[in-house]
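# Structural features, examined
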Amino acid sequence: MPNRRTLFLLAVLCFGHVLLISARVQSKSGMPVIEEVAFGAFAKAQGGSAAVSDGIRGIWTHYLALRGAATENEALRRQVLELQGQLQQEQAVANSSKALEEALKLQRSVAAPTLAARVIAGSPAPGSLTVTIDRGSDDGVQTDMAVIAGQGVVGRVINQPAPHAAQVQLLVGRNAAAAVTLERTGAGGLVVGGASDLLLTVDYVSNQADVQVGERVLTSGQDGIFPGGFLVGYVERSEKGTNYRLVKVRPSVDFTHIELVLVVLAKPGTDASHKEQP
Amino acid sequence: MRIAWVLVTVIVAVVLQVTLARFTVGGRWVFDLVLVGVVYAALLWGPVAGMLAGTIGGLLQDWLATTLGGGLAKTLVGFAAGVVGTQFVLVRPRARMIVVAGATVVHRLLIVGLLAIIDSSQQPTWHWSGVPWAAILAETVINSVAGLIAFQASEALPGAVARGRMSRRSSLSRRNW
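What this report covers is the structure whose coordinates are included nearby. (Residues numbered from 1 in each chain as written. Chains lettered and ligands numbered in written order. Predicted model: local features only at pLDDT ≥ 70, side-chain atom pairs only at ≥ 80, totals over all residues.)

### Quick notes on the packing of helix H1 (residues 2-21) of chain B against helix H3 (residues 47-65) of chain B
Residue and element names in this part refer to chain B. As a packed pair, H1 and H3 sit with axes 10 Å apart at the nearest point and diverge in direction by 35 degrees. In terms of crossing hand, the pair formed by H1 and H3 is right-handed. Residues Arg 2, Ile 3, Val 6, Leu 7, Thr 9, Val 10, Ala 13 and Val 14 of H1 touch H3, and the partners they reach there are Ala 49, Leu 52, Ala 53, Ile 56, Gly 57 and Leu 60. For the contact of H1 with H3, the residue count by class is eleven nonpolar, two polar and one charged. (Axes fitted to C-alpha atoms, helices over the stretch in contact; angles between N-to-C directions. Helix = DSSP H or I, 4+ residues; strand = E, 2+ residues; numbered from the N terminus. Left-handed = near helix turned anticlockwise from the far one by under 90°. Contact = placed C-beta atoms within 7 Å. Nonpolar A, V, L, I, M, F, W, Y, C, P; charged D, E, K, R; others polar.)

Here it is, written out as structure tokens:
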């Protein structure tokens, strides 16, 4: 059996942990200074480990796993061509709507500036759905900024970013949420994460709303974090509930393979960053 | 010297955890290599080392991931694993793997219980059915395999280094002759 000194040390450590837990629970915002220092110090190690793992993966993907690269290249060329065509169509539509906005003297929509970032680390604690990106406060990243990917919304920046790293809470995480609107019906709601199957739940959708499976779910911009119009996912299930409709959404982003993301550099909570007066 | 090794073990475990977790974000492969590191330190260097590793590793995880209770749970598990290591003869990697498996289950249940106490204002009744057993089982399997690899490697590495030295020496002596 352990001696008295060991047991005394265990009691002291446990008491210290209980004090730390109660301090964090009572302060609500946690212990920003300690967390900031720990995150800042560890961000460099995370960057280094990401570089090593990327190097190893690079050797594999660039040299050893080149089977079928020519076929894939051909398919990608075709896809680029199709996308270029689509882009031209979209530009034509955008130009006509811009002309209409000017003619009608409406508010002119401008795209918020974005910053590309690389995911350098996952969450240190299992079950906590966060990732670390290689852009931080020195690059203009701030707390609560929205993070998106090519397929849709990824999450938001949480905690104080380090100079060259920031922590992103994924939309499928336990305490994550975003204000959304259903594209076809126009019904609004609040999408929340936390489900073990990685599906999102839309709360506060009226039972009267005619929500259909496969319908696109977009950000509404009403939460002051996510700009409006970004794709969140597609309705997978829709049933009538007691007070509100039970709507489950399959996220458009594949959260198991996130490598590159875009940080929306609009200051959170300012709608003016997305709209500009004529 | 032992504290330095404990620190190195924990930091290596945390770096490995964040590096590998990057490729399994949101997936079903849940693992806690920091816990494996804590049990490794506890079985190799005793309960005090286990406690220290648990405190450092758990607090680092809590601060980096903004979670709660990891430090306390890992300290208790590190201590318990250290006591088990001193009470029983656990030399073979497979026996140590069983300790890692047990530690994973106890650690996860401690976290679930602790969070239930902290969130008791929101969830007044806690029930065994609320425990994510499937996730615990998956984590136990992966942690046990990681522990087995770590213990096998730590057992095989000194022998491999010594054999390498011996072969270098013998080839040199042949050349001299």
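### Quick notes on the interface of chain B and chain A
Listed as interface residues are 36 residues of chain B and, on the opposing side, 43 residues of chain A. Class assignment of the residues belonging to the side of chain B that touches chain A gives a composition of 20 nonpolar, 13 polar and three charged.

### A look at the nonpolar core
Core analysis: the biggest nonpolar cluster contains 101 residues, and Val154(A), Val261(A) and Val39(B) have the highest contact counts within it. Tallying contributions element by element places H3(B) first for this core, with eleven residues. The residues contacting Val261(A), other than those within four sequence positions of it, are Ala117(A), Val119(A), Ile133(A), Val147(A), Ile148(A), Ala149(A) and Val154(A). (Core = buried A, V, L, I, M, F, W, Y, C linked by C-beta atoms within 7 Å. Buried ≥ 20, exposed ≤ 12 C-beta atoms within 10 Å, placed from the backbone.)

### With respect to the packing of helix H2 (residues 33-45) of chain B against helix H4 (residues 70-87) of chain B
All names here are of chain B. Contact geometry of H2 with H4 gives a least axis separation of 8 Å together with a crossing angle of 35 degrees. The two elements H2 and H4 cross, and the hand of that crossing is right-handed. In contact with Leu 35, Val 38, Val 39, Ala 42 and Leu 43 of H2, H4 contributes Lys 74, Val 77, Gly 78, Ala 81, Gly 82 and Gly 85. Classifying every residue of the contact of H2 with H4 by side-chain character gives seven nonpolar, three polar and one charged.

### Points about unusual backbone geometry
Residues and elements named next belong to chain A. We note that Asp 144 has phi near 75 degrees; this positive angle belongs to a residue other than glycine. Its place among the elements puts Asp 144 in the loop between strand E3 (130-133) and strand E4 (146-149). Looking at Asp 144, the number of C-beta atoms within 10 Å reads 15, which means it is partly exposed.

### Some details on the environment of Ala179(A)
Residue and element names in this part refer to chain A. Here Ala 179 is to be found in strand E7 (residues 177-182). Once the C-alpha coordinates of Ala 179 and Glu 236 are considered, the two residues, 57 residues apart in sequence, prove to be 18 Å apart. Setting aside its immediate chain neighbours within four residues, Ala 179 contacts Leu 190, Thr 219, Ser 220, Gln 222 and Asp 223.

### What to know about the sheet that holds strand E2 (residues 114-121) of chain A
Residue and element names in this part refer to chain A. Overall, antiparallel pairing links the six strands, which are arranged E2-E3-E6-E5-E4-E13 in a closed barrel. Strand after strand, the sheet turns through a mean of 45 degrees between neighbouring axes, direction not considered. Where E2 and strand E13 (residues 260-264) come together, five bridges link them in antiparallel fashion. Bridging across to E13, Leu 115 finds its partner in Val 263. (Pairing = 2+ DSSP bridges.)

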